[in-house]
Amino acid sequence: MGLKHIVFILFIALIVSCGCGEEQTTSPTDTPPHSTPSPPSSTLGLEGNGVNLQPSYFCNGDMDLGWDLMDNYYNIKTLRIEMDPNTSSSIDDFVRWIDEANENGYDVIATYHNAQELGSTDPNILMAAAKWWVENWDTLSSAGSFTVNLSNEWGDHGISSKDYADAYNEAIDTVRLMYSGPIICDIPGWGQETHTAADASPNINDDDIIFSVHIYTNGWNGKAGHNLCEADLDYLEDAGRPCMVGEFGNGGGGSVDWSALVDHARSKGWSVIGWSWNGDGGGMNMIDPYWGNNCSATSYTKSSYFDIIYNKLGKYTSN
């Protein structure tokens, strides 16, 4: 998920026979922006659905994350925290965020995020993420438990299944030097190329990975040649790996029915993680004030966007 509003070039194309039955568009030319109640998903061994936090780009990492407000909303169970080491935020900031999330009772997904290389197909970029996990493991793990999301949105719409599998095999082997838990792997194409990831799955050697989809209104399945649709989530699931929605929101400037896709994922028992609690850089922030406008806030209120995300996280009966 980038920090700036993204401009997408979209045009109407022919409907192709793909089981989606929806208007087609071309692939985005740049990076995307970043129901029926069901029991909490056990996809990751986590308690349920949740939200993203993207603090790395603001306030030198030194902000109140909004626990006093978040703790009032039971349906937020899991936090996906994006950490970019190429910013003024430090490893000590990353440790604090993870520690505070654990102390407040949330399950944590910790994500390596290199904003300058989103969509890269260079295996050296993915390997750099893997080495970062190894080099910083002792420090990060001192903050408490978390699930590793190896790298945010590595791989573009055109990467082959073979190249995706080869790069991830090497990177996963490196992370395994220090970490034995589930590894979340964002599918390529900024989290949208379900067919590429599914077709790569038999050639990924590790048995304990989770494929993560990112759902926005501009979702595009380049390998299948159509807008992201429910049949694409089915195709990915049929690869036999656990799956989740690592990001979702109503931004992107396209015509994809993001809401129906999230509902479909939830109906399959996938964890869904909304974008975002704070740190979007645009309009998809669930709370006010936005960190980009105010670094000194110690209390927050719900934004007009809050319920759009929160209403997708399910309704449970106990706290």
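Residues numbered from 1 in each chain as written. Predicted model: local features only at pLDDT ≥ 70, side-chain atom pairs only at ≥ 80, totals over all residues. Heavy atoms only, no water.

**A few points about the environment of Ile215**
Put simply, the rule reads: In this description a helix means any DSSP run of H or I spanning at least four residues, a strand means any run of E spanning at least two, and both kinds are numbered starting from the N terminus. Remark: exposure states derive from per-residue accessible area (1.4 Å probe, protein chains only) relative to the maximum for the residue type, with buried under 20%, exposed over 50%, and partly exposed in between. Between two residues, a contact is recorded if the distance between any of their heavy atoms is within 4.5 Å.
Of note, Ile215 is situated in strand β6 (residues 209-215). The exposure class assigned to Ile215 is buried, which follows from its relative accessible area of 0%. Along the primary structure Ile215 and Cys229 are separated by 14 residues, whereas in three dimensions their C-alpha atoms are 9.9 Å apart. Setting aside its immediate chain neighbours within four residues, Ile215 contacts Leu228, Val245, Glu247, Phe248, Gly249, Trp258, Leu261 and Val262.

**Quick notes on the pairing of strand β9 (residues 243-248)**
What counts, and what does not: The rule for pairing is simple: two strands pair if DSSP sees at least two bridges between them. When the strands point away from the viewer and the path from the first strand over the helix to the second turns clockwise, the crossover is right-handed.
When you tally the buried positions in β9, you get six out of six residues, the bulk of the element. Pairing geometry for β6 and β9, over five bridges, is parallel. Note on β9: the bridge partner recorded for His214 is Glu247. In terms of strand pairing, β9 meets strand β10 (residues 271-278) through two bridges, oriented parallel. Paired with Met244 across the strands is Ser271, a residue of β10. For the crossover that starts at β9, traverses helix α8 (residues 258-267) and ends in the parallel β10, the hand is right-handed.

**Side note on the sheet that holds β10**
Cut-off, in case you're wondering: Where helices are involved, their axes are fitted lines through C-alpha atoms of the stretch in contact, as for all axes, and angles between N-to-C directions lie from 0 to 180°.
A barrel is described by the order of its strands in space; here eight strands give the closed sequence β1-β2-β3-β4-β5-β6-β9-β10, paired in parallel fashion. In this sheet, adjacent strand axes meet at a mean angle of 30° when their direction is disregarded. The pairing of strand β5 (residues 183-186) with β6 spans four bridges and is classified as parallel. What sits directly across from Asp186, in β6, is Ser212. Contacts from helix α4 (residues 161-175) reach β5 and β6, with the element oriented near 155° to β5.

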